Amino acid sequence: MSSTTTAPPNTATIFLPPGYTLEQFYTLQGQLVTIAITVAVAFGVIVWDYIAQLPNEIALYSTTDNKIWRAPATWFFVILRYSGILATLPSLFFTSIQSQHCQVAVVTSQVGAVLVVASSGGIFCYRVFAIWSGVRIVQAAVAFMFLVMLGCWIAVATQYTAITGAATPFGSNCQMLPIVSWAPISYASSVAFDTTVLVFTLAKLHGNLATTKSKVGKQIYTDNLIYFLLTAVTNITVLTIQALPESFSMLKPTAVPFSTLMTVTMGTRVFLNLKLFDQRQRNAAAGIPLSINSNGTSSHSRSLPPPHHNMDVKAAYSPASGYTGL
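Residues numbered from 1 in each chain as written. Predicted model: local features only at pLDDT ≥ 70, side-chain atom pairs only at ≥ 80, totals over all residues. Heavy atoms only, no water.

Considerations on the environment of F258
Put simply, the rule is: Going along the chain from the N terminus, every DSSP run of H or I of four or more residues is numbered as a helix, and every run of E of two or more is numbered as a strand. Accessibility here uses a 1.4 Å probe with only protein chains present; expressed as a share of the type maximum, an area under 20% marks a residue as buried, one over 50% as exposed, and anything in between as partly exposed. Any two residues whose heavy atoms approach within 4.5 Å at even a single point are treated as in contact.
Checked against the element boundaries, F258 lands in helix α9 (residues 252–285). You can call F258 partly exposed: its relative accessible area is 35%. Note: C-alpha distance between F258 and N235 (23 residues apart in sequence) is 9.2 Å. Other than its neighbours up to four places away in sequence, F258 contacts T38 and T234.

A few points about empty space enclosed by the protein
This is how it is decided: Both cavities and pockets are sets of points on a 1 Å grid over the protein atoms alone; in a cavity a 1.4 Å probe fits but cannot get out, in a pocket the set is open with protein on both sides within 12 Å along at least five of seven lines, and lining residues sit with an atom within 4 Å of a point. Grid points are joined across faces, edges and corners, and a volume is the space filled by probe spheres set on the points.
In total, this model carries three cavities of 30 Å³ or more according to the counting rule given. Considered as a void within the structure, the largest cavity measures approximately 150 Å³ in volume. Forming the walls of the largest cavity are 18 residues, and the residues nearest its centre are V117, S120, S190, N235 and T263. Looking at the lining of the largest cavity, the elements with two or more residues in it are α5 (102–131), α6 (136–157), α7 (185–211), α8 (215–242) and α9.

A closer look at the nonpolar core
Applicable threshold: Side-chain atoms within 4.5 Å are what join buried Ala, Val, Leu, Ile, Met, Phe, Trp, Tyr and Cys residues into a set we call a nonpolar core.
Among the nonpolar cores identified, the biggest contains 48 residues, and F77, I123, F124, V142, F193, V197 and F271 are the most heavily contacted of them. Elements represented by at least two residues in this core include exactly α4 (72–93), α5, α6, α7, α8 and α9. The residues touching V197, leaving out its near neighbours within four places in the chain, are F124, V128, V142 and F228. In terms of nonpolar packing, the next biggest core, distinct from the first, is built from six residues, F94, C102, A105 and A162 among them.

What about the packing of α5 against α6?
Rule in force here: Angles run from 0 to 180 degrees between N-to-C directions of axes, and those axes are lines fitted to C-alpha atoms, restricted for helices to the stretch in contact. The labels follow the angle: roughly parallel below 35 degrees, roughly antiparallel above 145, roughly perpendicular from 65 to 115, and oblique for the rest. Each residue receives one of three labels: charged for Asp, Glu, Lys and Arg, nonpolar for Ala, Val, Leu, Ile, Met, Phe, Trp, Tyr, Cys and Pro, and polar for the others, Gly being one of them.
In contact at an axis separation of 10 Å, α5 and α6 are set at 175° when each is read in the N-to-C sense. What the angle tells us is that α5 and α6 run roughly antiparallel. Seen from α5, the contacting residues are Q110, A113, V114, V117, A118, G121, G122, C125, V128 and F129; seen from α6, they are V138, Q139, V142, A143, F146, M149, L150, W153, I154 and A157. In terms of residue class, the contact of α5 with α6 is made up of 16 nonpolar, four polar and no charged.

Everything listed is a geometric property; what it means functionally is a separate question.
Below, the structure is given as C-alpha cells:
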C-alpha cells in the first residue's frame, strides 16, 4: 500500500540564492528593504522639491523675454527638473516592486542619472562662465572637466545590469549583477568637477564679496557658494562610501539616491538664484522698489537701493555675451 506525502498546511516555499542559508537570505532581504526605503525617501523629497519649485517653472514658461530661452542654461534647468524624477522613479521598480522588466528599469534610471549630471553640470558651467566672462582659459578648464565627468558617468552607466529573479516575500525580485571595480570613477569625476567649479568661484567672488555693498549681491554670492559646496561635500561623501571594500557592498546603494537628490536641488537653485539676481538688477536699475522676504518673493514695503557692484549676470542669459553654448 502506497502513501503520498503532502506538504504541511500554511507553509511557503522559499527559493534561496545559491550558497545562501535561510538566515543569510533573511539578512539580505532586510538590507534590500533598507535600500528600497532609501530610494523611496529620496524620490519623495525630489517630488516634494519639484512641486515646491513648480511656480518658478511656470513663471519661466510665462516669460515674454525670448533671450532667456535662447540661453542653454534655461534648457538645462528644464531637463534637470524632470531628470531627477526619471532617475529615481524607475529605481523603485528594481528595489521595491516585483517586476518582469528589471533591466528596462535599470537602463531608464541610468539615463535619468546621466541627464541629472549633464544638466546640473551645464548650469554650474554657465555660472562660472558668467562670472569669468571673457577668460577663455578658465572657461576651457571648466568645460574640459565637465566633459570628462560626463564621459565617466556614461561609461559607468552602461555597466549596470539586472536580471529578473524568482518572486520574493517582500521587496523586489530584481537582482543587480556585480558592477565593475572602476565604477567609483563616476563620483570621482564629479568631485573633480565640483572642486574645479568651487575653486574658480571662490577665486572670482572673494574680491567681490569684500567690495560689494549691496546686501542682495552678497546674499546671492554667498548662496551660490553654499550650493556649490553642498554639492561637492555630498559627492565626496558618496565617493568615500563607494570606495569602501566589498564587505560594505550593501551600504553603497543607500548613498546613491542622496547624491541625485542633492545634485538636482542644488542645480535648480543655482539657476533660480542667478535668474533672481538678474531680475533684481534690472528692476533696481529701472527704479522699481523691491524688498526681499524669506521665501524669495518681492513686495513693495521698502526700496532696494541700486547695486553698487554690477556683476555680469546678463552674460548668463544674453546670447550677445559671446557664449551661446557648451
